[in-house]
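What follows is the residue order along each chain.
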Amino acid sequence: MAKKSLFKGLDEPLMHNCHPRPKSRREFLAQGFTTGMGTLVGGSLFGTLAASMPANAQLSADIAQRINDCGITGGNGKVPFIAFDLAGGANTAGSNVLVGGPGGQMDFLSTAGYARQGLPGDMVPGATEAGDSETGTSNGDHTDTTLGLAFHSDSAFLRGILDKTSVECRANVNGFVMPSRSENDTGNNPHNPIRGINLAGAKGDLVYSVASRNNDVGGGNSRLPNKFMQSTSLVDFDELRETKVDRRTDALGLVQVGTFDGLSAQEVVAVMETVSRMSDLKLDAPGLAGLDAALRERLKCTYVETAGLANDYDDPSVLDIAVDPDIVDIFTSGDAGATPGDQLNDREFQKTAAVMKLAVGGPSTTVSSYAGAGHISMGGYDYHGQGRGTGEVRDLRAGRAMGAVLEYAHRQRVPVMIALYSDGSLSANNQIENGLGRGKFMWQGDNQDTRCQFCLVYDPEGRPVIKGATPEEQAVHQQLGYMNPDGNVNTGSSPMANNAENGVDCIVLNYMALHGEEANFASLYANNGIPQNLGSGAQLDRYIAFEKLDSVGDDGVLTRSSTT
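Note that the structure is a prediction, hence the values are computed from the model and not measured.

(A) Here's a closer look at the confidence of the model for the chain. Predicted confidence across the chain gives a mean pLDDT of 84, with 75% of residues reaching 70 or more. Residue range residues 37–57 is modelled with pLDDT below 50. Its contacts to residues more than four positions away, or to other chains, number 103 contacts.

Here is the structure:
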């Protein structure tokens, strides 16, 4: 009798006898019954405009002054940031990114430990490979350091990243890994760092950040830490509220102020200026005297912003992924006869393209991107019991999405930081699946103890430099914490190993370090009334991976524009 295939296609839902019927959106997303969405975190109702830019001659003096009065400011010129949230508990350690013992990634675990992470004995790191790897970039021992950070040489993430990136791009990438436990199959894990990244200065010319869903917990599958949702007298997190963007029309809608058939761009600006002045008169009318003064001012500023949008973005196609030649080229498959941008028919790639266009791309007149940071949730990563091949093809797609972001940053000549995490992880049994399973062990069930998360950083000025004066020191700055020989996280190896909120703070700390601003980390939190448990001063050095990027000036601001 033929054995029934367990393989599930990329967008087929994953059904589990061991899980209850999905009810919440998070559960539908994790099991692939729905796709993730992309969102933009807006600084206000319509976004922010660059007051520091020279005023366009079309904008009237009184409206230009009101833009300044309203505090409508542009981007901060920080490194773009994009997080990938794989809903459902994807495998990350071992079969994808290597995590070792106290000595770093190359301090190899036991054969049994790698078996738990899905690798049979003839594929464990350190064992001589029988032949060349598929990518041709292996070190010959089931390890691959093409991206600086060490991956398994047959990692699906790695194969996907290499599929989308040029040799020149890869040479300027490095990364770090953070072994850390996380609850399985839940959206209650506070892994989402977006507002912490905003707090550290990430802000675009249009909006603060990008995230992947429209919800109250940070725009992702995994939620924000509570401390980044509860506004205080010192910080108003409502200003960082997420705005949904998961397709090209959503991105275009950020700068479209309505339909004005037959009017020129200059005439549209004039109309919106008039609307702004009329709204001021209405809001100052005696009948609205009881209206809250702050609300009144905010409404006035909203109309001013709209006039500014009409002025600065008279051609919304600057945000159109369908006409961006780099995006179209990156998302054209290598198949013979493929049409340009054919992979943008894939909803996960379409979402990735829209988010990276806003978080990495930017106006030629500034050093800021359109959005300060991005968040992309990808569904269907609760793939245990569905055949090893199911996880391999989904991990490959996630790798291609990450690779697309890196390559787009390379072509735009701007740095980018990518973080990837998932809600939980899993462990394997001793059954090998060939074919799409690539000769690896099948995923048996959820296992929060085998989890890790990692970050990749691209810098157009050269490969990011890992901290440390010796290879031994660099190894422990590239792996923040470690695993036991049995393949489980050592929960005492770092403050992040058993605390998701500490993991968020560590990502924020490392983001600040890219700008040479790590010394401000403790005071940034303290001055805004936000707790953190990583320490201060010299205590923090152990949890920092990189030196300041070469593309960041001494003032902590990027030194080049997106089109340089």
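What follows picks up the thread again.
(B) View of the pairing of strand β2 (residues 81–86). Within β2, six of the six residues are buried, which leaves it mostly tucked inside the rest of the structure. Taking every second residue as pointing to the same face, both faces of β2 are buried, with F81, A83 and D85 on one and I82, F84 and L86 on the other. Pairing of β2 with strand β8 (residues 373–378), which is carried by six bridges, proceeds in the parallel orientation. Counterpart to I82 in the pairing with β8 is G374. The pairing of β2 with strand β9 (residues 416–422) spans six bridges and is parallel. Note that in β9 the partner of I82 across the bridge is I418.

(C) Spotlight on the pattern of salt bridges. Taken as a whole, this structure holds 23 salt bridges when the rule is applied. Here R438 ties to D154 by a salt bridge, and the two come within 2.8 Å at their closest N and O atoms. Of this pair, R438 sits in the loop between β10 (426–433) and β11 (440–446) while D154 is found in the loop between β4 (149–152) and α4 (156–164), placing the two residues 284 residues apart along the sequence. By relative accessible area, R438 is classed as partly exposed at 26%. For R411, the salt bridge goes to E407, with nearest N and O atoms at 3.0 Å. With R411 and E407 both in helix α12 (residues 388–412) and four residues apart, the pair spans about one turn of that helix.

(D) Expanded view of empty space enclosed by the protein. Inspection of the entire model under this criterion finds two cavities of 30 Å³ or more. Counted as a void, the second largest cavity has a volume near 40 Å³. Forming the boundary of the second largest cavity are D459, G462, R463, P464, V465, E547, K548, L549 and D550. Tallied by class, residues from the lining of the second largest cavity come to three nonpolar, one polar and five charged.

(E) Quick peek at the sheet that holds β2. An order of β5-β12-β9-β2-β8 is seen for the five strands of this open sheet, with the pairing classed as mixed. Across the chains shown, the open sheet's two edge strands, defined by having one partner strand only, are β5 (173–179) and β8. Neighbour-to-neighbour, the strand axes of this sheet turn through a mean angle of 15°, independent of strand direction. Taken together, the five bridges between β9 and strand β12 (residues 452–458) define a ladder with antiparallel strand orientation. Its bridge partner lying in β12, L420 is registered against F454.

(F) Spotlight on the side chain of E392. With respect to the secondary-structure elements, E392 resides in helix α12. Taking the relative accessible area as the measure of exposure, E392 reaches 5% and is therefore buried. Polar contacts involving the side chain of E392 include one to the side chain of K440, which spans 3.3 Å. Ignoring sequence-local partners within four residues, the contact set of E392 consists of D154, A156, R159, L436, R438 and K440.

(G) Inspection of α12 at higher detail. Taking 1.5 Å per residue, 25 residues should reach 36 Å; α12 reaches 36 Å between its end C-alpha atoms and fits that length. In terms of burial, α12 is a largely internal element, 23 of the 25 residues being buried. Taken from the residues just after α12, R413 is the one with a positive phi, measuring 60°.

(H) Layout of the packing of aromatic side chains. The tally for this structure, following the rule as stated, stands at eight aromatic pairs. Measuring from ring centre to ring centre gives 6.0 Å for F151 and F454, while their planes differ by 85°; the resulting arrangement is edge-to-face. On the criterion of sequence distance, the pair formed by F151 in strand β4 and F454 in strand β12 is long-range, its members being 303 residues apart. In terms of burial, F151 and F454 fall into one category: buried. Seen in terms of ring centroids, F157 and F454 are 6.1 Å apart; in terms of plane orientation they differ by 45°. Their pairing is tilted. With F157 in helix α4 and F454 in strand β12, this residue pair connects regions lying 297 residues apart in the sequence.

(I) A look at the environment of L406. Relative to the assigned elements, L406 resides in helix α12. Spatially, the C-alpha atom of L406 lies 9.5 Å from that of V360, the residues being 46 residues apart in sequence. Sequence-distant contacts of L406, that is, excluding residues within four places in its chain, are made with I161, T165, C169, V173, V416, I418, L456 and Y458.

(J) Geometry of the nonpolar core. In this structure, I82, F84, F151, F331, L358, L406 and F454 are the most contacted members of the largest nonpolar core, which totals 73 residues. Not counting residues up to four positions away in its chain, the partners in contact with F84 are T352, I376, M378, A401, M402, V405, I418, A419, L420 and Y421.

(K) Region of interest: unusual backbone geometry. The phi torsion at H142 lies on the positive side, around 70°, for a residue other than glycine. Along the chain, the position of H142 falls in the loop between α3 (111–116) and β3 (143–147). A relative accessible area of 9% means that H142 is categorised as buried. A positive phi is found at R413, a non-glycine position, where the angle reads about 60°.

(L) Quick look at the packing of α4 against α12. Closest axis-to-axis distance for the α4/α12 pair is 6 Å, and the angle between their directions is 40°. Classified by the angle their axes make, α4 and α12 are oblique. Helix-helix and strand crossings are classified by hand; for α4 and α12 the assignment is right-handed. Facing α4, whose interface residues are A156, F157, R159, G160, I161, D163 and K164, α12 presents E392, D395, L396, A398, G399, R400, M402, G403, A404, L406 and E407. In the contact of α4 with α12, the residues fall into eight nonpolar, three polar and seven charged.

(M) Structural view of the environment of V552. Tracing the backbone through its elements, the reader meets V552 in the segment after α15 (521–527). V552 sits in the buried class, given a relative accessible area of 3%. Along the primary structure V552 and K78 are separated by 474 residues, whereas in three dimensions their C-alpha atoms are 8.2 Å apart. With residues near it in sequence (within four places) discarded, V552 still touches V79, L514, H515, V557, L558 and T559.

Calculation rules
- Residues numbered from 1 in each chain as written.
- Predicted model: local features only at pLDDT ≥ 70, side-chain atom pairs only at ≥ 80, totals over all residues.
- Heavy atoms only, no water.
- pLDDT = per-residue confidence, 0-100.
- Contact = heavy atoms within 4.5 Å.
- Buried < 20%, exposed > 50% of the residue type's maximum accessible area, 1.4 Å probe, protein only.
- Helix = DSSP H or I, 4+ residues; strand = E, 2+ residues; numbered from the N terminus.
- Pairing = 2+ DSSP bridges.
- Salt bridge = Lys/Arg side-chain N within 4 Å of Asp/Glu carboxyl O.
- 1 Å grid on protein atoms, 1.4 Å probe; cavity = no way out; pocket = protein on both sides within 12 Å on 5 of 7 lines; lining within 4 Å.
- Points joined across faces, edges and corners; volume = space filled by probe spheres on them.
- Nonpolar A, V, L, I, M, F, W, Y, C, P; charged D, E, K, R; others polar.
- Axes fitted to C-alpha atoms, helices over the stretch in contact; angles between N-to-C directions.
- Polar contact = N/O pair within 3.5 Å; in protein donor to acceptor, adjacent residues only side chain to side chain.
- Expected span 1.5 Å × (residues − 1).
- Phe/Tyr/Trp six-rings, centres within 6.5 Å; stacked < 30°, edge-to-face > 60°.
- Core = buried A, V, L, I, M, F, W, Y, C linked by side-chain atoms within 4.5 Å.
- Parallel < 35°, antiparallel > 145°, perpendicular 65-115°, else oblique.
- Left-handed = near helix turned anticlockwise from the far one by under 90°.

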